[in-house]
Amino acid sequence: MPQATTKPQIHAPTQPEPSRKKNVVVRFLKQWDIQLMVWPGIILIFVFAYLPMYGVLTGFMDYKINTGARIFENNWVGFKHFSMFFNAPEFYTVMRNTIVISLLKFLIGFPAPIILALMLNEIRHMMFKRVVQTITYLPHFMSWVIVAGLVGSMLSTENGSINILLQKINLIDDPVNFMSMPEYFWSILISANVWKEIGFGSIVYLAAIAGVDQSMYEAADIDGASKFKQIYLITIPTIMPVIVIFMILAIGNLLSAGFEDILLLAENPVLRPVSDVIDTYVYRVGLSNFRYSYATAVGLFKAVISIGLLTMANYLARKSGNSLW
Amino acid sequence: MNKARRFSILLASVMLVLATVLAGCSSNTGKTTNQPATGQTEGNKTSDNKGNDEQTSTDGKWEFGSEPLEFSMYGHYSWYDVPAWDSTVAGRWLKDNKKLNIVPVSAGGNHEQKLSTMIASNDLPDVIWMDRGAEVERLRDMGMLVPFDDYLDKYPNLKTWMGKDLNMLRSEDGKLYQFPNWYTGRPNGNAGYVINKKIYEELGSPKLETTDDLYNYLVAVKAKYGNSVTPYEPHLAKDQQGLGVLYTAFGEDVLYSYLNAALRAIPKDGQLTSVFKDDTFREAQKYISKLYRERLISQDAFTQTIDQIEEKVMQGRVAVFASASPTVIAMNAHQEMVKKDPNSGYFMIWPIHKEGLDKNKIYPGTYTSLGWNVSVITTAAKDPEKIFAFLDWYTGPEGQSLLFFGPEGKNWKGFDADGYPNFTPEYDAEEVLQLQKDQDPIMWNGNTGYIDPAKMKYESTLPADKQNWAARYQSEITWKTQANATEFVNMDPAPDSDLGIIKQRIDDIFTQAYAESVMAKSDEDVDRILDKAEKDAEASGYSQLLEFRTEAWNRNKALLENK
C-alpha cells in the first residue's frame, strides 16, 4: 500500500547502510523462535490468498475451462468483459441495489451490536445478562438456508405466524404477501441480518467495554454524571479505537451486499429489481452460464472499488489516530 | 530453563510449519498424483481400445457380466448423488450376479463447481448423468466424450426401443454421444389437475370442465372454507407448473413447452414469435392474475418450497392441485388420506378448457421421445465399450424388469411373447412399490416405451379402485392428454456465445414479467407489464434468438420427417 511506504519511520536511520542491514539480520536471528511462529501464517496467506490471484488475469481473456490452470493458452481480449458489464442493461439496477443494500446493512447493522453491547453492559443481573447474550449470539451459528426457511414460514400467507398475529389483533383483514412485495424486501433482509449477527457482533464490544477503567465511572458518579452521560462521555470514547477499526473493515466490505441471504430470501423473480446485487448477478449470469471471464471481470471490478473504499476509510481514520495502517 | 523453552517453541513451530506445508500441498499433491494417473488411464484407454477392437473383431460383442466391470459415475445435479452401489436391491444383485461395481462421485450439492473443477483438473468420472443440451455439447466440444456409433449395432437394445428418434440426439458432428433416459415412442407424462374428493363432494360435485367452471368452483371453495384451504395450488409457480397448465386451457394445441426456458416462443406459420405478444398467453395471464388477485391461487405460489406444498396436499388443505407432474405427491397423499377416511383422497379430471374449444385438443403437458436426461461416457473411461454394454443391458427388458419388479424369481419369472415379464402369483404390490421408490435414484436410462406397458400388464388385471393410483389416471387421462414436443428440443445456443447472453437476458425478463403479470393489479396492468417486457426483450435481441430457434426447429422437423 502506498501509505505504508510514506509512513514516517519509527527508527530513523542514523547508522550507515551496511551496518543497518547487518543489524536487521542480527535482529532476525535473535528472534528466530518468534519469527518461526509468524512464518506459517504468512506462508499460508501467500499460498491460499496471493498465489491463486493470478486467476484474475482470466478477466482479460476469453477463458476456456478445459485449459485448466494453463490460462495463458487463452486469447487476451483486454477490457471486453468489463465494458460488457458496464453496458449491460442490468448494470444500473445491480449497482443501485448493491450500494443501497450494503449502505443499509452498514448504517443499521454496524451500530446495532454496539448499542446491544452498551445495553447489556448496564444490566446488573448477571444471570439475565448471560441468558440474553447467549440467545442473541446463537443465530450466528445457523446457516442462511435455515434462517431463510424460518423467515419464509414466519412471513408466509398460509399459516405464517406474523400474518396470523396481525389478523388476530385486527390490523389486517387478509394475509399480506410479505415475501413477494418489493417494497418490503429491504426491511426483511436487513432485519434478518441484524437478528442473525447482532449478538455475535456485540461480543467484541463487550470485551472492549470490560476493559474500561472502573475508577473513571466512580469519579463520574461523584461528579454527579447520569448513566447516559457516563455512556456517552466515558464508555464510547474509550472503546472508540475498536469501533473505528471495525468500521474501516466494514467499509471495505461495503460492496459485499451479501450473497446467500439475498439468494435465499429473494425467491420470487418479482423481487429482482430490488434484490439483484453484484454477487447474485455474477452467480446467475456468470457462473451458471460458464461465463467465467465475465464473472471474474465483474468480481475484479468489485474488489478494486472495495480496496479504494478501504483506503479512503483508513485515510480518514488516520486523522483520528486509529487507523489500520 | 530458557533453552528448554526455546526448544519447545522450536518444536511447536516446526510442527506448525509442517502442518502448513502439508495443508498447502495436499491439493497440489493430489493433483500431481492424479494427473499422471489420468494420463496413464488415457494411455491405457487407447491401448485398451485397440485391444478391444482386436477382441471384438474376433469375438464380436462383449457379454455383460462375463468379466468384472467397475466404473465411476457422477450425477450433475445439485439435488442428486449417485447412491452407494450396495444400498439398493438391484445394485447388490448386479454386484453378485453380474460382477458390476459402480463407484459414486458426489456433487456435494454444488454440481456446477464440481464439474468445472473436474474438467479443469482433467479428473473426469467415467460416466456423467446430466441434462441434454448445452453442457453436453460443451464437453463434446472439448473432446471429452466417447461416441457410441460403433457400439449401437453390437448392443441393439437402445436402437430397438428408441428407433429413428435416436438421430435427434446426435451432435453437430453427426455422432451420438448421449444415452437417453425415459425415452419413448408413446405419449407419457403426468401433467394435469388433481381434485380433492372430499371438498368436491361437499360442494355438490359441480361440473368442472371449462375455465369458468373452475373459477366458480374456486370461488365456492373460498367462500366455504376461507383461509383454511388453498383453492388452487400451482406447485412452484416460478417454474410455471400449475400456472403453465392453466395456460394450455386457453388454446387448442397450445403447448406447455412454449413457456419453457428452452423455447420461450409461440410457433405461428412455421415461424417462432414472441411469447409476450401472444393473445392466448395474455388471455391466460389475465385469467390467472384474476384468480391470484381474488386469493384463489396460493399467495405463496412464488416463494413456497416443495416441502410446504407437499404438506398442504398431504393434509388435504388444497381443493385443486395442478402441476407438470402432480402424481407423486398426490398419490402419496391419497394413500395416506384414505387410510383415515375412505371418502377422502384425490382424483384427476380431464384437462380444463376455455368454453368453445375442443376438449380433446387441450394438452396440459408434453413429452419428447428423447425423454428427460442422458448419460454420457467420458474419455476418462478405460473401457467405454463395456460401459455401453452395461447401459444397453440396463435399458433392455432384463435391466428394466430388475429395476421395477426386483430380481427375477420372486415377483416375475421369464418373459412373454411380447418381451414383457410374466408375473408370478407371489407378486407383492407393496414390495414392488417400495423397490421402485428405492431404486429411483439408479434409474439412469429408463425405457418408458417398455416399462409402461409392462406395468399396465399387471394393473389391467385389477379392478379400477384396486389399481395403483398413478397408473390408473395415467392410463385414463394423462397419457391421452400429453402432446409430443420432440420437435422443440436442442434449441439452446451455447451459453457463453453472444446468443447465449441474449437467451440469459430473455430468461430474466420472462421470469420477472411472468411473476409480475400473475401478481398484477388489473387486466390493464397485465397488458402494461407484458408490453414493457416485449420492449425490453426486443431491445436485448429477442428477435435474433427467435430466428436462431426457428432454424433449429426447422432442422428438427426435417430430421423427424426423414425417419
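Residues numbered from 1 in each chain as written. Chains lettered and ligands numbered in written order. Predicted model: local features only at pLDDT ≥ 70, side-chain atom pairs only at ≥ 80, totals over all residues. Heavy atoms only, no water.

An unreviewed UniProt entry lists chain B under the name Extracellular solute-binding protein, from Paenibacillus roseus.

An unreviewed UniProt entry annotates chain A as Sugar ABC transporter permease of Paenibacillus roseus. Per UniProt, chain A carries the Subcellular location (unreviewed entry) text "Cell membrane". Taken directly from UniProt, the Sequence similarities (unreviewed entry) text for chain A runs: "Belongs to the binding-protein-dependent transport system permease family." (UniProt positions renumbered as here; feature names shortened; annotations may be inferred.)

A closer look at the overall build of chain A
Looking only at helices and strands, chain A has 16 helices and 2 strands in total. What you see for chain A is a C-alpha radius of gyration of 25 Å, clearly larger than the 20 Å of a compact globule of 325 residues, by over 25%. Dimensions along the principal axes, computed over C-alpha positions, put chain A at roughly 85 × 75 × 35 Å. Here chain A holds 325 residues, and 39% of them are scored as buried. Looking at chain A alone, contacts between residues at least 24 apart form 64% of all its contacts between residues at least 6 apart. When the accessible area of chain A is evaluated, it comes to approximately 18,500 Å², of which 70% is carbon and sulfur surface. (Helix = DSSP H or I, 4+ residues; strand = E, 2+ residues; numbered from the N terminus. Rg over C-alpha atoms; globule rule 2.2 N^0.38 Å. Buried < 20%, exposed > 50% of the residue type's maximum accessible area, 1.4 Å probe, protein only. Contact = heavy atoms within 4.5 Å. Areas by Shrake-Rupley, 256 points an atom, 1.4 Å probe, with all protein chains shown as cover.)

Here's the deal with the overall build of chain B
If you tally the helices and strands in chain B, you get 19 helices and 15 strands. A globule of 563 residues ought to have a C-alpha radius of gyration of about 24 Å, and chain B, at 27 Å, matches this closely. Across its three principal directions, the C-alpha atoms of chain B cover 85 × 70 × 65 Å. Accessible area for chain B stands at about 24,100 Å²; split by element, carbon and sulfur atoms hold 51% of it. Looking at charge distribution, chain B has the averaged site of its 62 positive side-chain charges lying 4 Å from that of its 81 negative ones. (Lys, Arg positive; Asp, Glu negative; His and termini not counted. Charge placed at Lys NZ, Arg CZ, Asp CG, Glu CD.)

A word on the packing of aromatic side chains
All names here are of chain B. Within this structure, the stated rule accounts for 57 aromatic pairs over all chains. Ring centres of W79 and Y80 lie 5.9 Å apart, and the angle between their planes is 70 degrees; on these two criteria the pair is classed as edge-to-face. One aromatic cluster in this structure is built from F64, F71, W85, F390, W393, Y394 and W444. When the ring centre of W479 is taken as origin, the NZ or CZ atom of R186, which lies over that ring, is 5.6 Å away. Positioned above the aromatic ring of Y215 is the side chain of K290, whose terminal nitrogen or guanidinium carbon lies 4.1 Å from the ring centre. (Phe/Tyr/Trp six-rings, centres within 6.5 Å; stacked < 30°, edge-to-face > 60°. Lys NZ or Arg CZ within 6 Å of the ring centre and 35° of its normal.)

Some details on the packing of helix α5 (residues 91–109) of chain A against helix α6 (residues 111–122) of chain A
In a pair of packed helices, the angle between the axes and the distance between the axes together describe the arrangement. All names here are of chain A. Relative to each other, α5 and α6 sit at 10 degrees, their axes nearing to 5 Å. Relative to α6, α5 is oriented roughly parallel. Residues F106, L107, I108 and G109 of α5 form the contact with α6, whose participating residues are P111, A112 and P113. When its residues are assigned to classes, the contact of α5 with α6 shows 6 nonpolar, 1 polar and no charged. (Axes fitted to C-alpha atoms, helices over the stretch in contact; angles between N-to-C directions. Parallel < 35°, antiparallel > 145°, perpendicular 65-115°, else oblique. Nonpolar A, V, L, I, M, F, W, Y, C, P; charged D, E, K, R; others polar.)

What to know about the sheet that holds strand β5 (residues 192–196) of chain B
Residue and element names in this part refer to chain B. Taken together, the 4 strands give an open sheet; going across it, the order is β6-β9-β5-β10, and neighbouring strands pair in mixed fashion. Every other strand in the sheet has two partners, leaving β6 (230–233) and β10 (346–349) as the edge strands with one partner each. Neighbour-to-neighbour, the strand axes of this sheet turn through a mean angle of 20 degrees, independent of strand direction. Alignment of β6 against strand β9 (residues 318–323), held across 3 bridges, turns out to be parallel. Bridging across to β9, Y232 finds its partner in V320. (Pairing = 2+ DSSP bridges.)

Focus on the sheet that holds strand β3 (residues 127–131) of chain B
Residue and element names in this part refer to chain B. Spatially, the 5 strands line up as an open sheet ordered β2-β1-β3-β12-β4, and their pairing is mixed. Lying at the two open borders of the sheet, with one neighbouring strand each, are β2 (100–105) and β4 (179–180). Across the sheet, helix α3 (residues 111–120) lies against β1 (69–75), β2 and β3, angled at about 130 degrees from β1, the strand it touches most. Each of β3 and β12 (373–377) is contacted by helix α4 (residues 134–141), which is oriented at about 140 degrees to β3, the strand it contacts most.

Brief notes about the environment of A:L300
Residue position: A:L300 is located in helix α16 (residues 292–319). Residues contacting A:L300, with those up to four places away along its chain left out, are A:V56, A:F60 and A:F82.

Comments concerning empty space enclosed by the protein
What the rule picks out here adds up to 2 cavities of 30 Å³ or more. Size it by volume and the largest cavity reaches roughly 150 Å³. Forming the boundary of the largest cavity are 13 residues, of which A:E158, B:K222, B:N227, B:R295 and B:Q299 lie nearest the centre. Taken as a whole, the second largest cavity holds about 30 Å³ of empty space. A:F178, A:M179, A:S180, A:M181, A:Y184, A:F185, A:I188, A:L265 and A:L271 are the residues that line the second largest cavity. Ranked by residues supplied to the lining of the second largest cavity, first place goes to helix α10 (residues 182–210) of chain A with 3 residues. Each residue belonging to the lining of the second largest cavity can be placed in one class, and the counts come to 8 nonpolar, 1 polar and no charged. (1 Å grid on protein atoms, 1.4 Å probe; cavity = no way out; pocket = protein on both sides within 12 Å on 5 of 7 lines; lining within 4 Å. Points joined across faces, edges and corners; volume = space filled by probe spheres on them.)

Description of the pairing of β1(B)
The element β1(B) is extensively covered by neighbouring structure, given that 6 of its 7 residues are classed as buried. A crossover connection joins β1(B) to the parallel β2(B) through helix α2 (residues 89–98) of chain B; in handedness this β-α-β unit is right-handed. (Right-handed = clockwise from strand over helix to strand, strands pointing away.)

A few points about a nonpolar patch on the surface
Residues and elements named next belong to chain A. Together, V25, F28, L29, V38, W39, I42 and I43 make up a nonpolar patch on the protein surface, roughly 600 Å² of accessible area in all. Residue assignment for the nonpolar patch shows that the elements contributing at least two residues are α2 (17–30) and α3 (32–50). When residues of the nonpolar patch are assigned to their parent elements, the largest contribution, 4 residues, is made by α3. Of note, I43 is situated in helix α3. Residue classification places I43 among the partly exposed residues on the basis of a relative accessible area of 34%. (Patch = residues over 30% accessible without salt bridge, like charges linked within 9 Å, V, L, I, M, F, W, Y side chains within 5 Å. Salt bridge = Lys/Arg side-chain N within 4 Å of Asp/Glu carboxyl O.)

Some thoughts on the packing of helix α9 (residues 279–293) of chain B against helix α17 (residues 498–518) of chain B
Residue and element names in this part refer to chain B. Across the interface, α9 lies against α17 with an axial gap of 8 Å and an inter-helix angle of 50 degrees. Judged by the inter-axis angle, α9 sits oblique to α17. Counting all contacts with α9, which are made through F281, Q285, I288, S289 and Y292, the residues of α17 involved are F510, Y514, S517 and V518. Residue classes in the contact of α9 with α17 are distributed as 6 nonpolar, 3 polar and no charged.

Topic: the UniProt feature "transmembrane region" (unreviewed entry) in chain A
Using the residue numbers shown here, the UniProt feature "transmembrane region" (unreviewed entry) corresponds to residues 36–57, 99–120, 141–164, 184–210, 231–255 and 292–317 of chain A. Span residues 99–120 of chain A is 95% helix and 0% strand, its end C-alpha atoms 31 Å apart.

With respect to the interface of chain A and chain B
Contact residues are listed per partner, giving 42 residues for chain A and 42 residues for chain B. Of all residues in chain A, the largest losses of buried area upon contact with chain B belong to A:I65, A:E158 and A:F290, amounting jointly to 17% of the total for that side. Between chain A and chain B we count 6 salt bridges in total. Across the pair B:D508 and A:R284 runs a salt bridge whose closest N-O atoms are separated by 2.1 Å. Here chain A is connected to chain B by 15 residue pairs in polar contact (both at pLDDT 80 or more). Elements supplying a minimum of two residues to the side of chain A that touches chain B: α3, α14 (272–275) and α15 (278–287) of chain A. Considering every element that reaches the side of chain A that touches chain B, the biggest residue donor is α3(A), with 9 residues. Class assignment of the residues belonging to the side of chain A that touches chain B gives a composition of 21 nonpolar, 12 polar and 9 charged. (Buried area = accessible area lost by both parts, 1.4 Å probe. Polar contact = N/O pair within 3.5 Å; in protein donor to acceptor, adjacent residues only side chain to side chain.)

What to know about the pattern of salt bridges
Under the criterion given, the structure shown has 40 salt bridges over all chains. Of the charged contacts in the structure, one is a salt bridge between A:K196 and A:E197, with a shortest N-O distance of 3.3 Å. Look at A:K196 and you get buried, because its relative accessible area is 5%. Of the charged contacts in the structure, one is a salt bridge between B:D507 and B:K503, with a shortest N-O distance of 2.7 Å. Taken together, the positions of B:D507 and B:K503, both in helix α17 and 4 residues apart, correspond to about one turn of that helix. Judged by relative accessible area, B:K503 falls into the buried class, the value being 14%. Here the salt bridges share partners, and the residues they tie into one network are A:R272, A:D276, A:R284 and B:D508.

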